[in-house]
Amino acid sequence: MQTFLVTGGMGFIGSNFVLKACKEQWASIINLDKLTYASNYQTLAELEQHPDYTFVRGDICDLELLKDLLEQYKPDAIVNFAAESHVDRSILNPHAFIETNILGAFRLLEASRAYWEKLLGQKRDSFRFLQVSTDEVYGSLSPTDPAFRENTPYAPNSPYAASKAGADHLVRAYYHTYGLPTLTTNCSNNYGPRQFPEKLIPLMILNALNSKPLPIYGDGQNIRDWLYVEDHCDALYQVLQHGRIGETYNIGGNNEQTNLAVVNQICTVLDQLAPKANFQHAELITFVKDRPGHDRRYAIDNSKIQRELGWEPKESFASGLLKTIQWYLNHTDWVEQVQSGAYQAWIEQNYGDRNSSTAV
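Bear in mind the structure is a predicted one, so any value in this text is a computation, not a measurement.

Rules of the game
Residues numbered from 1 in each chain as written. Predicted model: local features only at pLDDT ≥ 70, side-chain atom pairs only at ≥ 80, totals over all residues. Heavy atoms only, no water. UniProt positions renumbered as here; feature names shortened; annotations may be inferred. Helix = DSSP H or I, 4+ residues; strand = E, 2+ residues; numbered from the N terminus. Salt bridge = Lys/Arg side-chain N within 4 Å of Asp/Glu carboxyl O. Pairing = 2+ DSSP bridges. Axes fitted to C-alpha atoms, helices over the stretch in contact; angles between N-to-C directions. Contact = heavy atoms within 4.5 Å. Buried < 20%, exposed > 50% of the residue type's maximum accessible area, 1.4 Å probe, protein only. Lys, Arg positive; Asp, Glu negative; His and termini not counted. Core = buried A, V, L, I, M, F, W, Y, C linked by side-chain atoms within 4.5 Å.

1. A short note on the UniProt feature "domain: NAD(P)-binding" (unreviewed entry) in the chain
The UniProt record marks residues 5-321 with the feature "domain: NAD(P)-binding" (unreviewed entry), using the residue numbering of this structure. The span residues 5-321 is 41% helical and 18% strand by assignment, and the distance between its end C-alpha atoms comes to 30 Å.

Okay, here's the thing in structure tokens:
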């Protein structure tokens, strides 16, 4: 069995990838995570006694730790999920995004290069470094623009998107300059179980269940392509196993939806699964002032990964959303754990002046 060093494996996408990797025996997993506000150790509690899983608390900015881990565990691949990822937070505190997303990626690349250059034979030939990135690096689309392709020029519009773009460029440079066998994926908006409730879908689910306002930025017509997280994990594994080194693969869900349409669909499902007498959850929808630099539309062209690797998403938006809402209804203990005092303080700082506790 292969060994993967997964960074940021306690976060949303990372934790789903780690669970799937262990359950489907993709690889032994070494999970390096800093355990920041959006991480939750309990998310992977079921793997504590798993023979193919090891957790290490640490920061990808710690070069010596990275070198020690690579020397000790000798992984066959590195999968970099570790990132600050919330656009609103990047507007308030861009420094943290530059530190983790750019400097952290640089140090991970440096440690990986030093490790890979010492490998021999098949171990060296099969090693891969996978950078998990975002479609936000491409900027914003108009309603009539074609979807993002792998050769779409980068045009990031937020500190978060710029920091991920910077990391992607470093990954490309390490392939072209040093020959490091890198892969990059740029995904659309993920949703599914275990997502921290500052993001649109879990935030709306939890607010609705608690009869709180469902605040939507601007006119609610911003469009995103929604990708169910387990579909994303399957795509990442295919890229690791069969992707061409040095290449980028766009991963999308083929599910473009306006924010308002997403929230309305959440309300409709909750009306069925968690009904309240003489009340419809959509009555909670409210509109708030738009955030700075809010990209109007994202859309992913999946044709390359479909053509080369045979991957395409399995979940429709309706089926994935139903699974997601059911998971949150069944895991109220997890929700209580992640909604710490620090998270609530941030919500107040960021949205306290908008006559609403939260916004997306």
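2. Observations regarding the pattern of salt bridges
Within the structure shown, the criterion is met by 18 salt bridges. The closest approach of N and O atoms between lysine 74 and glutamate 71, which form a salt bridge, is 3.5 Å. In this structure, the salt-bridge partner of glutamate 110 is arginine 113, at a minimum N-O distance of 3.1 Å. You can see glutamate 110 and its partner arginine 113 sitting in helix H4 (residues 94-116), three residues apart, about one turn around the helix. Salt bridges sharing common partners tie together Lys20, Glu24, Glu230, Asp234 and Lys314.

3. Quick notes on the sheet that holds strand S10 (residues 248-251)
If you trace the seven strands from one edge of the open sheet to the other, you get S3-S2-S1-S4-S5-S6-S10, paired in parallel fashion. Looking at which strands have only one partner, the edges of the open sheet turn out to be strand S3 (53-57) and S10. Across the sheet, the mean angle separating the axes of adjacent strands is 20 degrees when strand polarity is ignored. Taken together, the five bridges between strand S2 (residues 27-33) and S3 define a ladder with parallel strand orientation. When the sheet's bridge partners are listed, isoleucine 30 is paired in S3 with threonine 54. Sheet strands in contact with helix H2 (residues 63-73) are strand S1 (2-7), S2, S3 and strand S4 (77-80), and its direction is about 165 degrees off that of S2. The sheet contacts of H4 involve S1, S4 and strand S5 (128-134), and relative to S4 the element is tilted by about 180 degrees.

4. Remarks on the side chain of aspartate 231
With respect to the helices and strands, aspartate 231 occurs in helix H8 (residues 229-242). Despite its burial, aspartate 231 remains without a salt bridge, the nearest opposite charge being carried by lysine 314 at 5.9 Å. Other than its neighbours up to four places away in sequence, aspartate 231 contacts Trp311, Pro313, Lys314 and Glu315.

5. Topic: the nonpolar core
Of all hydrophobic cores here, the largest spans 36 residues; its most connected members are Phe4 and Phe17. The contact partners of phenylalanine 17, leaving out residues within four places of it in the chain, are Phe4, Val6, Trp26, Val79, Phe81, Cys233, Leu236, Tyr237 and Leu240. By size, the runner-up hydrophobic cluster in this structure holds 29 residues, among which are Leu206, Val262, Leu284 and Val335.

6. Comments concerning the environment of tyrosine 160
Here tyrosine 160 lies in helix H6 (residues 159-178). For tyrosine 160, a relative accessible area of 7% puts it in the buried group. When sequence neighbours within four positions are dropped, the list of residues in contact with tyrosine 160 reads Glu84, Ser85, Val87, Ser90, Phe97, Asn101, Thr134 and Glu136.

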